[in-house]
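Commentary on secondary and tertiary structure
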Amino acid sequence: MPTISLCMIVKNEEMHIARCLDSVAELVDEIIIVDTGSTDRTVEIVSKYTTNVYSYPWKDDFADARNYSFSKASKDYCMWMDADDIMEEPEKDKFLRLKQSLPSDIDIVMMKYDTSFDEAGRPSFSYFRERWIRNSPQYRWVGEVHEVIPPEGKVMYSDIAISHRKIGAGDPDRNLRIYRKMLTDGKSLDPRQQYYYGRELYYHKEYEEAVSVLEQFLLSEGGWVENKIEACSICSSCYSRMGQEQSALMALLRSMSFDVPRAELCCEIGKYFLEHDNPHNAVYWYETALNTPKNECAGGFILPDCYDYIPLLQLCVCYDRLGDRQKAEAYNERAGVCKPYSQAYLYNKQYFAGL
């Protein structure tokens with residue numbers, strides 16, 4: 001059975017860190033904590049779980065900090081978590097079963113990362129991340145921000161999920177600040193960094209600059225297909241906020257030049273037509289979303305609701321506007337099968353009962 005070193009970088013995480021370590025300490029064989037300058041009780045708390053606590057001078061480089069944590073690991077695999085992540089109870093047995101049965105030739109184990117949740121606590125936003133990485137110098141992090149380990153060797157996908165459960169707000173400007181410092185220092189951004197820089201600009205409502213950066217990314221030869229599809233979606237949102245509605249639609253349609261439609265983009269196109277008083281066209285795109293297979297292993301961000309609940313609920317709205325109340329009510333009931341607790345479904349149910 002392989003051994004696992006949990007490797008974490010932390011700073012001022014006294015609110016989160018005990019909850020994180022309590023959820024996973026019994027599952028791993030070693031805990032490595034790299035503190036990047038805490039001024040609260042973080043070091044005191046983590047010292048109750050491990051003696052492997054190291055200080056690291058922060059350099060505005062997440063990859064360098066994570067690589068330092070990996071360099072201290074002594075077990076077969078390195079596993080990373082952030083301080084505001086937890087291993088939920090239902091995942092622990094799956095974790096141990098995988099640990100007991102992992103083939104010896106596996107280099108990287110990908111696990112789901114659930115980062116947003118609906119009103120019932122079900123994941124509403126998730127994607128796969130490298131989670132167990134063979135402890136070898138060939139596997140190292142790259143990227144000052146949104147760091148990643150380039151996948152190579154034999155990769156396994158697991159249905160085990162880590163949940164991101166943040167308490168309180170972090171520093172919303174940190175990532176953008178690091179990117180701008182890189183540019184000021186004369187560093188060039190590779191395609192992946194261009195994509196994430198464009199996202200940060202969008203989050204900060206710098207829409208024109210975001211579009212400019214993302215257009216460079218979309219025209220570049222490098223970069224992941226999933227990131228290019230997501231970049232089209234972000235550009236569309238930027239154009240919409242700048243009042244350029246036709247450009248917003250074109251950006252969404254452009255995503256299909258990179259690969260077959262994703263349900264997430266189909267729902268956005270459907271929303272565009274519904275908001276522009278064209279429910280007939282919206283129906284086409286929402287039905288396309290319903291019939292689009294979900295490929296969780298492609299590497300993109302997954303919004304599970306876009307594959308059933310959202311298009312079903314929106315088809316209810318479309319057919320109601322088209323005057324077909326029977327179809328509208330039928331789609332609402334199908335949405336209710338997905339989420340019987342949904343306030344939108346319950347509101348619609350009451351609406352139809354009152355007709």
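This section reports on the structure supplied with the text. Computed from a predicted structure; not experimentally measured.

This paragraph deals with the overall build of the protein chain. A count of helices and strands for the protein chain gives 14 helices and 8 strands. Compactness check: the protein chain gives a C-alpha radius of gyration of 22 Å against a globular reference of 20 Å for 355 residues, within 12% of the reference. Expressed along its principal axes, the backbone C-alpha trace of the protein chain runs to roughly 70 × 50 × 40 Å. Residue burial in the protein chain is summarised as follows: out of 355 residues, 49% are buried. Contacts in the protein chain between residues far apart in sequence, at least 24 positions, make up 65% of those at least 6 positions apart. For the protein chain, the exposed area adds up to about 16800 Å²; of that, 49% sits on carbon and sulfur atoms.

For the second largest pocket, the calculated volume is near 210 Å³. Residue lining of the second largest pocket: 15 residues in total, with V142, V148, D190, R192 and Q193 positioned closest to the centre. A per-element tally of the lining of the second largest pocket places helix α6 (residues 191–203) first, with 3 residues. For the lining of the second largest pocket, a count of residues per class yields 8 nonpolar, 5 polar and 2 charged.

Axis angle and axis distance: for two packed helices, these are the angle between their axes and the distance between the axes, and together they describe the pair. Where helix α10 (residues 263–275) meets helix α11 (residues 279–290), the axes come as close as 8 Å, and the angle between the chain directions of the two elements is 170°. Between α10 and α11, the angle falls in the class roughly antiparallel. Here α10 runs over α11; the crossing is left-handed. In this structure, α10 contributes A263, C266, C267, I269, G270, K271, F273 and L274 to the contact, and α11 contributes P279, N281, A282, W285, Y286, T288 and A289. Tallied by class, the residues present in the contact of α10 with α11 amount to 11 nonpolar, 3 polar and 1 charged.

As a rule of thumb, non-glycine residues mostly have phi less than zero, and peptide bonds are mostly trans rather than cis. One non-glycine residue, N12, lies in the positive phi region at around 50°. Looking at where N12 falls in the secondary structure, it is placed in the loop between β1 (4–10) and α1 (17–24). Phi at K205 takes a positive value of approximately 65°, unusual for a residue other than glycine. Among the structural elements, K205 can be located in the loop between α6 and α7 (207–219).

Looking now at the sheet that holds strand β6 (residues 108–117). Note: strands within a sheet are paired through backbone hydrogen bonds, in either parallel or antiparallel orientation. Read from one edge to the other, the open sheet built from 8 strands follows the order β3-β2-β1-β4-β7-β6-β8-β5, with strand pairing classed as mixed. A single partner strand is all that each edge strand has here, and the edge strands are β3 (53–55) and β5 (85–86). Pairing of β1 with strand β2 (residues 30–35), which is carried by 6 bridges, proceeds in the parallel orientation. Bridging across to β2, L6 finds its partner in I31. This element, helix α3 (residues 62–71), spans β1, β2, β3, β4 (77–80) and β7 (123–134) of the sheet and lies at about 140° to β1. Sheet contacts for helix α4 (residues 89–101): β1, β4, β6, β7 and β8 (155–164); angle to β8, the most-contacted strand, approximately 150°.

Turning our eyes to something else, we now look at the nonpolar core. L6, M8, M79, F95 and W132 are the most contacted members of the largest nonpolar core, which has 76 residues in total. In terms of residue count, α7 provides more of this core than any other element does, 7 residues in total. Beyond its immediate stretch of four places on either side in the chain, M8 contacts I17, C20, L21, I32, I33, V34, S69, M81, D82 and A83. The next biggest cluster of nonpolar side chains, apart from the first, holds 31 residues, and it includes I229, L265, C316 and F352.

Before going further, it helps to examine the pairing of β4. Where a strand is regular, its side chains alternate between the two sheet faces. Alternating positions in β4 separate into two faces, Y77 and M79 on one and C78 and W80 on the other, with burial throughout. Relative to β4, β1 runs parallel, the two sharing 4 bridges. If you follow C7 over to β4, its bridge partner there is W80. Of the strand pairs in this sheet, β4 and β7 are connected by 3 bridges, and their pairing is antiparallel. Bridging across to β7, M79 finds its partner in W132.

What follows covers the pairing of β2. The element β2 is largely enclosed, with a buried count of 6 among its 6 residues. The alternating pattern of β2 places E30, I32 and V34 on one face and I31, I33 and D35 on the opposite face, and all of these are buried. Between β1 and its parallel partner β2, the chain crosses via α1, and the hand of that crossover is right-handed. Summarising the sheet, β2 and β3 pair through 3 bridges and their orientation is parallel. Directly across from I33, in β3, lies its bridge partner V53.

Parameters and conventions
- Residues numbered from 1 in each chain as written.
- Predicted model: local features only at pLDDT ≥ 70, side-chain atom pairs only at ≥ 80, totals over all residues.
- Heavy atoms only, no water.
- Helix = DSSP H or I, 4+ residues; strand = E, 2+ residues; numbered from the N terminus.
- Rg over C-alpha atoms; globule rule 2.2 N^0.38 Å.
- Buried < 20%, exposed > 50% of the residue type's maximum accessible area, 1.4 Å probe, protein only.
- Contact = heavy atoms within 4.5 Å.
- Areas by Shrake-Rupley, 256 points an atom, 1.4 Å probe, with all protein chains shown as cover.
- 1 Å grid on protein atoms, 1.4 Å probe; cavity = no way out; pocket = protein on both sides within 12 Å on 5 of 7 lines; lining within 4 Å.
- Points joined across faces, edges and corners; volume = space filled by probe spheres on them.
- Nonpolar A, V, L, I, M, F, W, Y, C, P; charged D, E, K, R; others polar.
- Axes fitted to C-alpha atoms, helices over the stretch in contact; angles between N-to-C directions.
- Parallel < 35°, antiparallel > 145°, perpendicular 65-115°, else oblique.
- Left-handed = near helix turned anticlockwise from the far one by under 90°.
- Pairing = 2+ DSSP bridges.
- Core = buried A, V, L, I, M, F, W, Y, C linked by side-chain atoms within 4.5 Å.
- Right-handed = clockwise from strand over helix to strand, strands pointing away.

Everything listed is a geometric property; what it means functionally is a separate question.
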